[in-house]
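Descriptive structure summary
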Amino acid sequence: SDWLCPSHVLWFGFSDWQTACRERGYASLKFICNLPVVFIQGPDITLSKLYKLIEESCPQLANSVQIRIKLMAEGELKDMEQFFDDLSDSFSGTEPEVHKTSVVGLFLRHMILAYSKLSFSQVFKLYTALQQYFQNGEKKTVEDADMELTNREEGERKMEKEELDVSIREEEVSCSGPLSQKQAEFFLSQQASLLKNDETKALTPASLQKELNNLLKFNPDFAEAHYLSYLNNLRVQDVFSSTHSLLHYFDRLILTGAESKSNGEEGYGRSLRYAALNLAALHCRFGHYQQAELALQEAIRIAQESNDHVCLQHCLSWLYVLGQKRSDSYVLLEHSVKKAVHFGLPVRADSGTQPLPLSQSLQRDFISFHFQEFLSVSSPSTMALQQAQMLLSMNSLESVNAGVQQNNTESFAVALCHLAELHAEQGCFAAASEVLKHLKERFPPNSQHAQLWMLCDQKIQFDRAMNDGKYHLADSLVTGITALNSIEGVYRKAIVLQAQNQMSEAHKLLQKLLIHCQKIRNTEMVISVLLSVAELYWRSSSPTIALPVLLQALALSKEYRLQYLASETVLNLAFAQLILGIPEQALSLLHMAIEPILADGAVLDKGRAMFLVAKCQVASAASYDPLKKAEALEAAIENLNEAKNYFAKVDCKEQIRDVVYFQARLYHTLGKTQERNRCAMLFRQLHQELPSHGVPLINHL
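The sections below set out a description of the structure shown in this document. Please read these numbers as outputs of a predicted model, since none were measured by experiment.

If you walk through the whole model with that rule in mind, you get 20 salt bridges. With its nearest N and O atoms 3.7 Å apart, the salt bridge here joins Glu535 to Arg539. Here Glu535 and its partner Arg539 are both found in helix H27 (residues 523-539), 4 residues apart, which amounts to about one turn of the helix. Residue Lys653 is joined to Glu689 by a salt bridge in which the shortest nitrogen-to-oxygen separation is 3.0 Å. Of the two residues, Lys653 sits in helix H33 (residues 653-670) while Glu689 sits in helix H34 (residues 673-689), which places them 36 residues apart along the sequence. Linked through salt bridges whose partners overlap, the residues forming this network are Asp468, Lys470, Lys653 and Glu689.

Moving on, we come to the environment of Ala299. Assignment of secondary structure puts Ala299 in helix H16 (residues 289-306). Residue class for Ala299 comes out buried when judged on its relative accessible area of 0%. Here the alpha-carbon distance between Ala299 and Ala280, two residues 19 residues apart in the chain, equals 8.5 Å.

With that out of the way, let us pick up the packing of H27 against helix H28 (residues 543-559). With their axes 8 Å apart at the nearest point, H27 and H28 run at an angle of 165° to one another. As far as their axial angle goes, H28 and H27 are roughly antiparallel. Like other packed secondary-structure pairs, H27 and H28 cross with a definite hand, here left-handed. For the pair H27 and H28, the contacting residues are Val526, Ile527, Leu530, Leu531, Val533, Ala534, Tyr537 and Trp538 in the first and Pro543, Ile545, Ala546, Val549, Leu550, Gln552, Ala553, Leu556 and Ser557 in the second.

A separate point is a negative patch on the surface. A cluster of acidic residues, Glu81, Asp85, Asp89 and Glu97, forms a negative patch on the protein surface. Along the chain, Asp89 falls in the loop between helix H6 (77-88) and helix H7 (103-116). For Asp89, a relative accessible area of 49% gives the class partly exposed.

The next thing to look at is the side chain of Ser245. Here Ser245 lies in helix H13 (residues 239-256). At a separation of 3.0 Å, a polar atom in the side chain of Ser245 contacts the side chain of Ser229. Filtering out sequence-adjacent residues up to four positions away, Ser245 remains in contact with His226, Ser229, Tyr230 and Asn233.

This part is about the packing of helix H25 (residues 486-499) against helix H26 (residues 503-520). One can describe the packing of H25 onto H26 by two numbers: an axis separation of 8 Å at closest approach and a directional angle of 155°. On the basis of the axis angle, H25 is roughly antiparallel to H26. Of the two possible hands of crossing, H25 and H26 adopt the one that is left-handed. Between H25 and H26, the contacting residues are Ile487, Val490, Tyr491, Lys493, Ala494, Leu497 and Gln498 on the first element and Met503, Glu505, Ala506, Leu509, Leu510, Leu513, His516, Cys517 and Ile520 on the second. Counted by class, the contact of H25 with H26 contains 12 nonpolar, 2 polar and 2 charged residues.

The next thing to look at is the environment of Leu216. Mapped onto the elements of the fold, Leu216 is located in helix H11 (residues 205-218). The spatial distance from the C-alpha of Leu216 to the C-alpha of His226 is 8.1 Å, given a sequence separation of 10 residues. Residue contacts for Leu216: discarding those within four places in its chain leaves Phe222, Ala225 and His226.

Taking 1.5 Å per residue as the helical rise, helix H10 (residues 181-197) with its 17 residues ought to reach 24 Å, and the 24 Å between its terminal C-alpha atoms agrees with that figure. Three or more residues of H10 are buried, namely Gln183, Ala184, Phe187, Leu188, Gln190, Gln191, Leu194, Leu195 and Asn197.

Calculation notes
- Each residue is numbered by its place in its chain's sequence as written, counting from 1.
- For this predicted model, a pLDDT threshold of at least 70 governs which residues receive local features, and a threshold of 80 or more governs which side-chain atom pairs are given and counted, while totals over whole chains, interfaces and linings are taken from all residues.
- Side-chain numbers come from the whole structure's heavy atoms, not from hydrogens or water.
- Whenever a carboxyl oxygen of Asp or Glu lies within 4 Å of a side-chain nitrogen of Lys or Arg, that contact is scored as a salt bridge.
- To qualify as a helix, a DSSP run of H or I must reach at least 4 residues; to qualify as a strand, a run of E must reach at least 2; elements of each kind are numbered from the N terminus.
- Under the scheme applied here, a residue whose accessible area is under 20% of the maximum for its type counts as buried, over 50% as exposed, and between as partly exposed, the area being computed with a 1.4 Å probe on protein chains only.
- Axes, fitted as lines to C-alpha atoms, cover a helix only where it is in contact. Angles between the N-to-C directions of the axes lie from 0 to 180 degrees.
- When an angle is under 35 degrees it counts as roughly parallel; over 145 it counts as roughly antiparallel; between 65 and 115 it counts as roughly perpendicular; any other value is oblique.
- Crossings are sorted by hand: turned counterclockwise from the far helix by less than a right angle, the near helix makes the crossing left-handed, and turned clockwise it makes it right-handed.
- Note on definitions: a residue-residue contact is assigned when non-hydrogen atoms from the two residues lie within 4.5 Å.
- A residue counts toward a patch only above 30% relative accessible area and without a salt bridge, and it is joined to like-charged neighbours within 9 Å or, for Val, Leu, Ile, Met, Phe, Trp and Tyr, to nonpolar neighbours within 5 Å.
- Accessibility throughout is a Shrake-Rupley quantity obtained with a 1.4 Å probe, and a residue counts as covered only by protein chains that appear here.
- Under the convention used here, Asp and Glu are negative, Lys and Arg are positive, and both His and the chain ends fall outside the count.
- Charge coordinates come from a single atom per side chain, which is NZ of Lys, CZ of Arg, CG of Asp or CD of Glu.
- Each polar contact in these results corresponds to two N or O atoms within 3.5 Å; when the atoms are within protein, one needs to be able to donate a hydrogen and the other to accept it, and residues that are neighboring in sequence are counted only if both atoms are side-chain atoms.
- The nonpolar class holds Ala, Val, Leu, Ile, Met, Phe, Trp, Tyr, Cys and Pro. Asp, Glu, Lys and Arg form the charged class, and all remaining residues, Gly among them, are polar.
- In this scheme, a helix's expected span is set at 1.5 Å multiplied by one less than its residue total.

Take a look at the structure:
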């Protein structure tokens, strides 16, 4: 029985603890009053642990407990009977030692009632268990003493009072025997809550799986244990074990009839449709989109037969996730938003949607939205920064019980990673490092969302290495990026090959990546790959071939309303026109795209835009009269200075080298010898540090 565990009997039955803790003051009172909650919610603990917990707060009380236990265990059966008789006296008198309605009082009354219902044989069995418990504890104490003599440097590990928590610690939940139903349910609910809200406080994946295996060994039909095992396997990205545990959970749920008891005969159908829905979500998480679609179709079919609108709404949300790369997916999203608001369900707003309806939806039901996908490359950085900060300032990111703050969810990690990327894009690398440091503390490497900050960290390091011209260092980071995101890793590998002037290898890699991304409908990456392919063409002196590629990228950007990518594409089109010898058209095209880049773009993109403006100004001034040409060149030099300042913020030495080279040429044309020599000297220093790999200096954006 839960009420007659030996450690529970010995602790709750010893009523003098209240007097002892009053003598020790408030700290000891608070410390000891927390112990009953630990004992009630947790399993039976060893005698040595019981002594240790009491002794660290009240040594006098610990000594009295030891004496009473020894007298009872080494005495006779009547000593235990007298012990339970004395418990009833704790409630008597005008000022009882224990109130009947208190936590301790309720437990004592349960314990007395359970003892009263025992037969004589059961009472004898309880006394035998108490004696065995005492003997095992004494044996363990002797072994610990011998070990301390032989290995004194290990010392005695003392528990700090302020770290005492009512939760079951790892050493307390570990037990060789089975837990009671109540203890097992508390353990499972506690660990599931921690995995959802604060994974850092949950048991490690290996320790938790060990405890779950122990639970399932004594009760293999415990459905909740299978589901927690499913969540635990998700933390380590174990697709086989996750699927196995999830299927076992719903099998046991149907076999035990747990759903039908609370929902009637409808419970069986409910389990089936949510089993299919969870399976679809699992496959989607691991990138198995075909299997996810099949499972989702099954869930929709069963939900329609049962007229379950809530399940259908969840299916609609996942249907959008699977088909979000389609151009008409925003219609599905709007329908999903309306239905979610109607049923009071949280929804997530994804990229690629019409800005106006999305903004209105956020205004109507702001709190219930999940902004994870809104913080994407398609949103202006200023707006994305505001939304990320708004997420971080909210008390809860999802709909949970009052007082629970979910600050360790995936959305929180995404928002922080996006902040780190935004700071790095603006050249604030120290601030980005602080955000990443906080992410590493909040999401340790063994947590399920750690790969988010790992990928973010690797990408920032890669960009810094590329800006600094350290291509060998950037190439070494590609392996880590590929392990976290294969598509991103292949794309970065192609960028490194292109920077190293290995055009043929880079082109082959980009073509394979383009076909794959078109197949899986990864529109953002398709556009990025097209821009890189176009750059390969004009760096290979084939700008005419680059034009149709750029037009294709521009069409996709406008179709999916990816404003920033569209602006980048227009910049590349302007550069292609410059190479083709039509700088006037390039300048007019620049005026269409430069404003959003200067307003919300990354510092590196701002520098490239101003550098391109200066190139177009110089090319357009070739046909001007001398006075007007000198003014145009002076204006170009000012734009080059601005571009150089932008490049300096992100330590982009390669671009700074090209800028000072161009400035030296302009100063020479204007007859400014001193300024020309200064720029020429700076160019020589950078050129010796950064060899050009045979690429013409001015022939790239």
